[in-house]
2 protein chains.
Amino acid sequence: MSQGLFYDYWRSSAGWRVRIGLALKGFPGAGGFAGPEGFSRIAVNLAPAISEQSGEAWRAINPQGRVPALVLAQDPPVLLTQSLAILEWLDEIRPRPAFLPADPTGRAAARAFALSIACDIHPLNNVSVLSFLRRQFMADDAAISAWCQEWLRIGLGPLEENLRRRGYQSGFIFGEAPGFAEICLIPQLYNARRFQLDLAPFPLLGEVEAACLSLPAFADTAPERQPDAPPAQ
Amino acid sequence: MSQGLFYDYWRSSAGWRVRIGLALKGFPGAGGFAGPEGFSRIAVNLAPAISEQSGEAWRAINPQGRVPALVLAQDPPVLLTQSLAILEWLDEIRPRPAFLPADPTGRAAARAFALSIACDIHPLNNVSVLSFLRRQFMADDAAISAWCQEWLRIGLGPLEENLRRRGYQSGFIFGEAPGFAEICLIPQLYNARRFQLDLAPFPLLGEVEAACLSLPAFADTAPERQPDAPPAQ
């Protein structure tokens, strides 16, 4: 029997955070995370046209209707939602490798880095927000792109400055291994490219990305590697 | 000498979260948080017309240019940003009263409740986002109100359902005392009223609010009680 179910969507960057977290903590089965010690991955399609139909069944399980979520195989089953809450949970039940530094101010800095992405960038580029902009404000593709780029620029600039101030040169940000900061950053940089943001002004963030993508926990969990991703064209 | 500086703005609901957190953990001085064991509060005006000027000096300290932030009186001084990272830090340096349940799945549920507000509601009603909507999409007051109400409704509905499913009737959500969930919820309900949302569909959230506002840590830290709030009319 597996640990439970992992509800995910290939393109969800919050979903990718949890995929990285599960992989870093050694839950088996990249992509599927199945097997007796892993989670069985269930794809939930969040594309606007489809989510209208599949949404009902999914909301019966998770009232928010969002992914990612875990359903732990306990009696009764336990629903865990919100990617950062799931990552904190993973770090508590399986402390090694640690996702956060050991000292409280280091932990606060790493969490703040992650939250700057999770609270100040990602929610604004969410599919439901972009749909609302198209519907209510008649936003066309150019306006959507400008919107996304605005929040990416405003958000990534201070993170680049953060790395500069802490004398970052290469490798991971808060120690010898990737943690909360990298787990949130890499999917966000992927999204930035999707929205055609020029990443040249963020060379230090690019260094972090290169260090992370050399690891299977990041590379094998990428959106296009998921079984529900459309075939490459 | 105080613990350091607390940068805040009376109307910031993320700032209110930290005010509640400091008060619950017993840092002295409601409103000001000053005194030898407290933080000296510094008001940063985030109103759009003023932040252009004051923003420069503030960003030299905090590249994100946002509040709340703490600057710990250490050598060198340590900057802590992001309200939820600050609350986690407070809970680590001063564990009683606890902001989170003791068991990992309980902690995950409380964090998820808080993150549903901090990631899925609050960022969309942020002053910088509303300014962008006015500027780029010519949104008028009615459109801004519709935008804010949309994300409040979509966000608060599942939280009400969450309380219903866990059999909540009155008092605090995850135990005998308020924690992360309440600290995020109460400022968000205040904002909901500001955007004229009808709160009648959320009676259980209203029960939580009533329980919290009976405590000085919530009532004395309310926006209009801050020294930088404009005089009541």
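Here the structure is a predicted model, which is why all the values come from computation and not from measurement. (Residues numbered from 1 in each chain as written. Chains lettered and ligands numbered in written order. Predicted model: local features only at pLDDT ≥ 70, side-chain atom pairs only at ≥ 80, totals over all residues. Heavy atoms only, no water.)

Notes on the nonpolar core
Grouped together as the largest cluster of nonpolar side chains are 135 residues, with contacts concentrated most on A:L133, A:W147, A:L156, B:L133, B:W147 and B:L156. Discounting residues that sit within four places of it in the chain, B:W147 has contacts with A:V129, A:F132, A:L133, A:F137, A:W147, B:L124, B:N125, B:V129, B:L130 and B:L133. (Core = buried A, V, L, I, M, F, W, Y, C linked by side-chain atoms within 4.5 Å. Buried < 20%, exposed > 50% of the residue type's maximum accessible area, 1.4 Å probe, protein only. Contact = heavy atoms within 4.5 Å.)

Details of helix α1 (residues 13-24) of chain A
All names here are of chain A. Its 12 residues give α1 an end-to-end C-alpha distance of 16 Å, which sits within 8% of 16 Å, the value for a rise of 1.5 Å per residue. Burial analysis of α1 places 11 of its 12 residues in the buried class, which makes it a mostly covered element. Regarding α1, the residues found buried are S13, A14, G15, W16, R17, V18, R19, I20, G21, L22 and L24. At its buried positions, α1 is contacted by β1 (4-8), β2 (39-43), α3 (83-93), α4 (104-120), α7 (180-194) and α9 (216-219). The backbone nitrogen of A14 has a side-chain oxygen 3.4 Å away, supplied by the residue at the start of α1, namely S12. (Helix = DSSP H or I, 4+ residues; strand = E, 2+ residues; numbered from the N terminus. Expected span 1.5 Å × (residues − 1). Polar contact = N/O pair within 3.5 Å; in protein donor to acceptor, adjacent residues only side chain to side chain.)

A short note on the sheet that holds strand β2 (residues 39-43) of chain B
All names here are of chain B. Reading across from one edge, β2-β1-β3-β4 is the order of the four strands in this open sheet, with mixed pairing throughout. With partners counted over all chains shown, the strands left at the sheet margins are β2 and β4 (78-81), one partner each. Here the strands of the sheet are splayed against their neighbours by 20° on average, with no regard to which way each runs. Note that strand β1 (residues 4-8) and β2 share five bridges and pair parallel. Paired with L5 across the two strands is S40, which belongs to β2. Running at roughly 115° to β4, helix α3 (residues 83-93) makes contact with β2, β3 (69-72) and β4 of the sheet. (Pairing = 2+ DSSP bridges. Axes fitted to C-alpha atoms, helices over the stretch in contact; angles between N-to-C directions.)

Regarding the pairing of β1(B)
All names here are of chain B. Burial within β1 is extensive, with four of its five residues counted as buried. As paired strands, β1 and β3 are joined by four bridges and run antiparallel to one another. Bridge pairing in β3 places F6 opposite L70.

Comments concerning the domain arrangement of chain A
Residue and element names in this part refer to chain A. Each assigned domain of chain A is listed with its residue range as follows: domain 1 (4-96) and domain 2 (104-217). Inter-centroid distance (C-alpha atoms) of domain 1 to domain 2 is 21 Å. Facing the 16 residues of domain 1 at the interface are 18 residues of domain 2. Together domain 1 and domain 2 conceal approximately 1,700 Å² of surface at their shared face, both sides included; 68% is due to carbon and sulfur atoms. For the domain 1 face of the interface with domain 2, the top three residues by lost area are W16, R17 and L84, together amounting to 33%. For the interface between domain 1 and domain 2, the tally reads one salt bridge. The interface formed by domain 1 and domain 2 holds three residue pairs in polar contact (both at pLDDT 80 or more) in total. Mapped by element, the contributors of at least two residues to the side of domain 1 that touches domain 2 are α1 and α3. A total of eight residues in the side of domain 1 that touches domain 2 trace back to one element, the largest contributor, which is α1. A breakdown of the residues in the side of domain 1 that touches domain 2 according to their chemical character gives 10 nonpolar, two polar and four charged. (Domains from an automatic or database assignment. Buried area = accessible area lost by both parts, 1.4 Å probe. Salt bridge = Lys/Arg side-chain N within 4 Å of Asp/Glu carboxyl O. Nonpolar A, V, L, I, M, F, W, Y, C, P; charged D, E, K, R; others polar.)

Topic: helix α8 (residues 203-213) of chain B
Since the α-helix packs 3.6 residues into each turn, any two residues three or four apart lie on the same face. All names here are of chain B. Along α8, the residues that are buried comprise L204, L205, V208, E209, A211 and C212. Along the axis of α8, the buried residues cluster in a sector spanning 160°; they form a single face. What points out from α8, more than 90 degrees from its buried face, is the exposed set P203 and A210. Looking at the buried positions of α8, the neighbouring elements they touch are α4 (104-120), α6 (141-165), α7 (180-194) and α9 (216-219). (Arc of directions from axis to C-beta.)

Details of the interface of chain A and chain B
With 45 residues of chain A in contact, the opposing surface of chain B contributes 45 residues. Summed over both sides, the interface of chain A with chain B buries roughly 3,900 Å², with 67% coming from carbon and sulfur. Applying the counting criterion to the chain A and chain B interface returns 10 salt bridges. As a salt-bridge pair, B:E88 and A:R111 come within 3.7 Å of each other at their nearest N and O atoms.

As for the relation of the copies chain A and chain B
For the match of chain A to chain B, the screw axis carries a shift of 0.0 Å, the RMSD comes to 0.0 Å, and the turn is 180°. Overall, the copies show the geometry of a two-fold rotation axis. Closest approach to the rotation axis within chain A is made by the C-alpha atom of A:C119, at a distance of 2.3 Å. Take the interface residues of chain A: 100% of them recur as interface residues in chain B, which is what a same-surface contact looks like. (Least-squares fit on C-alpha atoms with pLDDT ≥ 70 in both.)

Quick notes on the packing of helix α5 (residues 127-136) of chain A against α6(B)
What describes two packed helices is the angle between their axes and the distance between those same axes. Here α5(A) crosses α6(B) at 150°, and the two axes come no closer than 12 Å. The orientation of α5(A) relative to α6(B) falls into the category roughly antiparallel. The chirality of how α5(A) crosses α6(B) is right-handed. Note on element contacts: α6(B) touches α5(A) through B:A146, B:W147, B:E150 and B:W151, opposite A:S128, A:V129, A:F132, A:L133 and A:R135. Looking at the contact of α5(A) with α6(B) residue by residue, the class counts come to six nonpolar, one polar and two charged. (Parallel < 35°, antiparallel > 145°, perpendicular 65-115°, else oblique. Left-handed = near helix turned anticlockwise from the far one by under 90°.)

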